[in-house]
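Close look at the chain arrangement
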Amino acid sequence: MTTTHLPPTPGRRVAAPAPAAPPSKPHRRPRYLREQFSGWAMIAPAAVLLLAFVFLPAILGFGLAFTNARLVSPRPVEFVGTDNFVRLFTDPTFWRALLNVSYFAVVVVPVQSGLALAMALLINKKFRGVNFFRTLYFLPVVTSMVVVSLLWLFMYRKDGLINEFLSAASFGLIDGPDWLNDPATSMPAIIILSIWQAAGFHMIIWLAGLQSISGELYEAAQLDGASRWHQFRYVTWPGLKHTRTLILVTITIQALGLFDQVSVMTQGGPLDSTTTIIFEAVRSGFKQQETSYASAISLVFFVLVLLISAVQRYLTREKD
Amino acid sequence: MKETLKSKSLSSAGTMAVRILFAVVAAFPLVFMVVSSLKPDQQIFGDMSSVAAFLPIGNISFDNYGAVFDRVPAARFLINSIGISAVTVVLGIFINSLCAFALSRMEVRGKRIVFTAILATLIVPFQTLALPLVWWVNQLPYFELNGFSLEISKGWLDTYQVQIIPFIANAFSIYLYHQYFESIPKELDEAARIDGAGWFKIYRLVVMPLAGPATATVAILTFLPAWNSYLWPLMVVQSEELRPVMIGIQYFFQLNVSWGEVMAYASLITVPVVVLFIAFQRSFINSIASSGVKG
């Protein structure tokens, strides 16, 4: 170590320990003002963009739902009260859409979170090839839902991969359905591909939760002779409380927002068996240019999302 | 003793079998996609009932890929998506980190209210905003320099900017940077200030170089939705020359082309992301994990 003074480079200079504070008292006032000014100048770009593209459209959406606004229209926008909501709640397609997303959510939430937890437990231990498995399990997540939908559209054909596999596995006994063209199997088909695509994402969140549980708890449980099931039941499961809430809320909200798969694969059919709330909103707002009606649907969707996250939070909180 | 050892290795073999089963289920559709993209339709359907569906054997060629570029301006779609994603990521990193810097490291009056308001936007799902947002961007003025005269027209629909600007500022990116900046000692700022550095200089030369992991996370979490976006461009883009890849493949599919060609297009827009993912696998998965724990 030499004691010679190196020419201070900007990067190095700042990393050095702070020297004794110089007498800077007289400059306090302008320095404070300058900090206010620079601070706001730094906050402004992001804040203005969020104001313009999140806050404003959110408020607009709320307002437009009570008007007759259309995307492109020579008429001035007029207040029409609750007309859009009356129309919405008397529309059987809307109720069908609500039923469909409920069906979707009721199946997807437990099955997907369960499979994701199983995957996380399978790769939580250190073993040879753990990275290989982790990568493979996560692969569907980085694949876009549009690509996944086209791919599965092909596999779900009457003569597609899925039916050929069912036929081969049952020695020709099972003659698979025409998955996407049969109202009875169209939603299950969409459910299967959705779980396949997103389970890896929630596996990672479970994994983060699992790794936050102290290893000492497991050691203590092993000393007490707890079986693997008991370790899971009394150490792992309680330790995942927060992760559980988070995963339930995110999967439910994602399930309610079901859109891409439906738009690519079925267009809501056959016989409205796969239509969803967001699909209806996009159909009326974008294809029929009825911004106001679509805003009303979006508003109902938002209230639903708020309600569900509030209920889930309340339920998971009360248990302790 | 011997028996417990034996049952332990048996159960670990069983665990490994389950692991492999899950891996096969996760990977088979993607393997099928890439393999099919190399085969003519007749062979795809012929191979369907056997393991050959997953093996690149028989009549293998890149003809389907050539056909994709012949039929639609796929190169243009790719360039559009790369450009849109890159600009969104770069501007997103700059603007969101700058905002988080001021909120976490400076004594700005009223910053607490601003930060709370920013976090509040996290509860609004994009699907709720999308339709009012379409109406709103259609009201915004659009400035265009035509020679020496500035032309003002109404409406952002069918432009590049409408695919970029609404997605630059992101509450979650600001939150991630804010958390990360809080962990960097504030003494560094003090030392730099005493040496006469301004706030922007501190941001640029002190804090940002230390925030590499946060930047990687924000880059990944901005890139993926930008590359995969579908709902938004579906509503705001009509012209063929402005289409991103995901809208491009949807139109391509409606041309009633062969399945081999659809699989070639699908592989074309998926494989680069998968390769990127495998290369940055560790930070990729860590970033998702840390993003999940937002509560």
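Residues numbered from 1 in each chain as written. Chains lettered and ligands numbered in written order. Predicted model: local features only at pLDDT ≥ 70, side-chain atom pairs only at ≥ 80, totals over all residues. Heavy atoms only, no water.

Quick word on the overall build of chain B
- When helices and strands are counted, chain B shows 15 helices and 2 strands.
- In terms of overall size, chain B is more extended than a compact globule, its C-alpha atoms giving a radius of gyration of 25 Å where 295 residues would be expected to give roughly 19 Å.
- If you line up chain B on its principal axes, its C-alpha atoms span 80 × 70 × 35 Å.
- Across the 295 residues in chain B, those meeting the buried criterion constitute 52%. (Helix = DSSP H or I, 4+ residues; strand = E, 2+ residues; numbered from the N terminus. Rg over C-alpha atoms; globule rule 2.2 N^0.38 Å. Buried < 20%, exposed > 50% of the residue type's maximum accessible area, 1.4 Å probe, protein only.)

Focus on the overall build of chain A
- Across its full length, chain A holds 14 helices and 0 strands.
- Helices and strands appear in chain A in the N-to-C order α-α-α-α-α-α-α-α-α-α-α-α-α-α.
- Taken over 320 residues, chain A has a buried fraction of 49%.
- Taking as baseline every contact in chain A between residues at least 6 positions apart, the subset at least 24 positions apart corresponds to 67%.
- Carbon and sulfur atoms make up 66% of the accessible area of chain A, which totals about 16,700 Å². (Contact = heavy atoms within 4.5 Å. Areas by Shrake-Rupley, 256 points an atom, 1.4 Å probe, with all protein chains shown as cover.)

Some remarks on the packing of helix H6 (residues 145–155) of chain A against helix H14 (residues 259–279) of chain B
- For the pair H6 of chain A and H14 of chain B, interaxial distance at closest approach is 10 Å and the crossing angle is 150 degrees. What the angle tells us is that H6 of chain A and H14 of chain B run roughly antiparallel. The handedness of the crossing between H6 of chain A and H14 of chain B is left-handed. Counting all contacts with H6 of chain A, which are made through Val147, Leu150, Leu151, Leu153 and Phe154 of chain A, the residues of H14 of chain B involved are Trp259, Val262, Met263, Ala266, Ile269 and Thr270 of chain B. (Axes fitted to C-alpha atoms, helices over the stretch in contact; angles between N-to-C directions. Parallel < 35°, antiparallel > 145°, perpendicular 65-115°, else oblique. Left-handed = near helix turned anticlockwise from the far one by under 90°.)

Comments concerning the packing of aromatic side chains
- If you walk through the whole model with that rule in mind, you get 38 aromatic pairs over all chains.
- Arranged with centres 6.4 Å apart and planes meeting at 65 degrees, the rings of Trp152 of chain A and Phe28 of chain B form a pair that is edge-to-face. Taken as a pair, Trp152 of chain A in helix H6 and Phe28 of chain B in helix H1 (residues 2–36) lie in two separate chains rather than in one.
- The class of Trp152 of chain A is buried, set by a relative accessible area of 4%.
- Classification of Phe28 of chain B as partly exposed rests on a relative accessible area of 22%. (Phe/Tyr/Trp six-rings, centres within 6.5 Å; stacked < 30°, edge-to-face > 60°.)

Some remarks on the pattern of salt bridges
- For the structure shown, the criterion picks out 9 salt bridges over all chains.
- A salt bridge links Glu290 of chain A to Arg70 of chain A, with the shortest nitrogen-to-oxygen separation between them at 4.0 Å. Residue Glu290 of chain A is found in the loop between helix H13 (277–287) and helix H14 (291–318), and its partner Arg70 of chain A is found in the loop between helix H2 (28–64) and helix H3 (83–89); the two are separated by 220 residues along the sequence.
- A salt bridge links Asp47 of chain B to Lys39 of chain B, with the nearest nitrogen and oxygen atoms 2.8 Å apart. For the pair shown, Asp47 of chain B and Lys39 of chain B are each scored as buried.
- Within this structure, Arg70, Arg87 and Glu290 of chain A form a network of salt bridges that share partners. (Salt bridge = Lys/Arg side-chain N within 4 Å of Asp/Glu carboxyl O.)

Points about the confidence of the model for chain B
Residues and elements named next belong to chain B.
- Averaged over every residue, the pLDDT of chain B is 87; the share at 70 or more is 95%.
- Mean pLDDT across the elements of chain B ranges from a minimum in strand E2 (residues 149–154), with 73, to a maximum in helix H4 (residues 74–105), with 95.
- Interface confidence in the predicted complex, given as ipTM, is 0.87; pTM for the same model is 0.84. (pLDDT = per-residue confidence, 0-100.)

Some remarks on the confidence of the model for chain A
- When pLDDT is averaged along chain A, the result is 84; 89% of the residues meet or exceed 70.
- Least confident of the elements in chain A is helix H1 (residues 10–15) of chain A, whose mean pLDDT is 43; most confident is helix H4 (residues 92–122) of chain A, at 94.

Some details on the interface of chain B and chain A
- Contacts between the two partners involve 102 residues from chain B and, on the opposite side, 93 residues from chain A.
- Buried area between chain B and chain A, summed over both chains or domains, comes out near 8,600 Å², and the portion from carbon and sulfur atoms is 79%.
- The largest share of the area that chain B buries against chain A comes from Arg19, Leu131 and Trp135 of chain B, three residues that together contribute 8% of it.
- At the surface where chain B touches chain A, the tally comes to 11 residue pairs in polar contact (both at pLDDT 80 or more).
- Taken together, the residues of the side of chain B that touches chain A sort by class into 80 nonpolar, 15 polar and 7 charged. (Buried area = accessible area lost by both parts, 1.4 Å probe. Polar contact = N/O pair within 3.5 Å; in protein donor to acceptor, adjacent residues only side chain to side chain. Nonpolar A, V, L, I, M, F, W, Y, C, P; charged D, E, K, R; others polar.)

Examining the side chain of Thr93 of chain A
- Tracing the backbone shows Thr93 of chain A in helix H4.
- The residues contacting Thr93 of chain A, other than those within four sequence positions of it, are Asp272, Thr275, Glu280 and Arg283 of chain A.

What about the environment of Thr217 of chain B?
Residues and elements named next belong to chain B.
- Relative to the helices and strands, Thr217 resides in helix H11 (residues 212–228).
- Separated by 35 residues in the primary sequence, Thr217 and Glu182 place their C-alpha atoms 16 Å from one another.
- Other than its neighbours up to four places away in sequence, Thr217 contacts Leu176, Ser287 and Ser290.
- Only 2.9 Å separates the side chain of Thr217 from the backbone oxygen of Pro213, close enough to count as a polar contact.

A closer look at a nonpolar patch on the surface
- Among the surface-exposed residues, Val311, Tyr314 and Leu315 of chain A lie close enough to one another that they form a single nonpolar patch of about 310 Å² accessible area.
- Tracing the sequence through the fold places Leu315 of chain A in helix H14. (Patch = residues over 30% accessible without salt bridge, like charges linked within 9 Å, V, L, I, M, F, W, Y side chains within 5 Å.)

Thoughts on helix H5 (residues 130–142) of chain A
Residue and element names in this part refer to chain A.
- The terminal C-alpha atoms of H5, which comprises 13 residues, lie 19 Å apart, in line with the 18 Å expected from a rise of 1.5 Å per residue.
- The largest bend in H5 is about 25 degrees, located at Leu136, with the proline Pro140 one to four residues further on.
- Among the 13 residues in H5, 10 count as buried, and that is most of the element.
- Buried residues of H5: Phe133, Arg134, Thr135, Leu136, Tyr137, Phe138, Leu139, Pro140, Val141 and Val142, and no others. (Expected span 1.5 Å × (residues − 1). Bend = angle between axes of the 7 residues up to and from the residue.)

Points about unusual backbone geometry
Residues and elements named next belong to chain A.
- Its identity is not glycine, yet Gln267 carries a phi of approximately 55 degrees, on the positive side.
- Here Gln267 lies in the loop between helix H12 (260–265) and H13.
- Relative accessible area serves as the criterion here: at 38%, Gln267 is assigned to the partly exposed category.
- The residue Leu271 is not glycine, and still its phi comes out positive at about 55 degrees.
- For Leu271, the location among the structural elements is in the loop between H12 and H13.

Some remarks on the environment of Phe32 of chain B
- Counting through the fold element by element, Phe32 of chain B comes out in helix H1.
- What makes Phe32 of chain B buried here is its relative accessible area of 1%.
- Sequence-wise, Phe32 of chain B and Leu55 of chain B are 23 residues apart; in three dimensions their C-alpha atoms are separated by 8.2 Å.
- Among residues more than four places away in sequence, those in contact with Phe32 of chain B are Leu151, Phe154, Met155 and Leu161 of chain A together with Met48, Ala53 and Phe54 of chain B.

Digging into the environment of Leu150 of chain A
- Turning to its location among the elements, Leu150 of chain A is positioned in helix H6.
- The class of Leu150 of chain A is buried, set by a relative accessible area of 0%.
- With 111 residues separating them in the primary sequence, Leu150 of chain A and Gln261 of chain A have C-alpha atoms 8.7 Å apart.
- Those residues in contact with Leu150 of chain A that lie beyond four places of it in its chain are Val264 of chain A together with Ile249, Phe253, Trp259, Val262 and Met263 of chain B.

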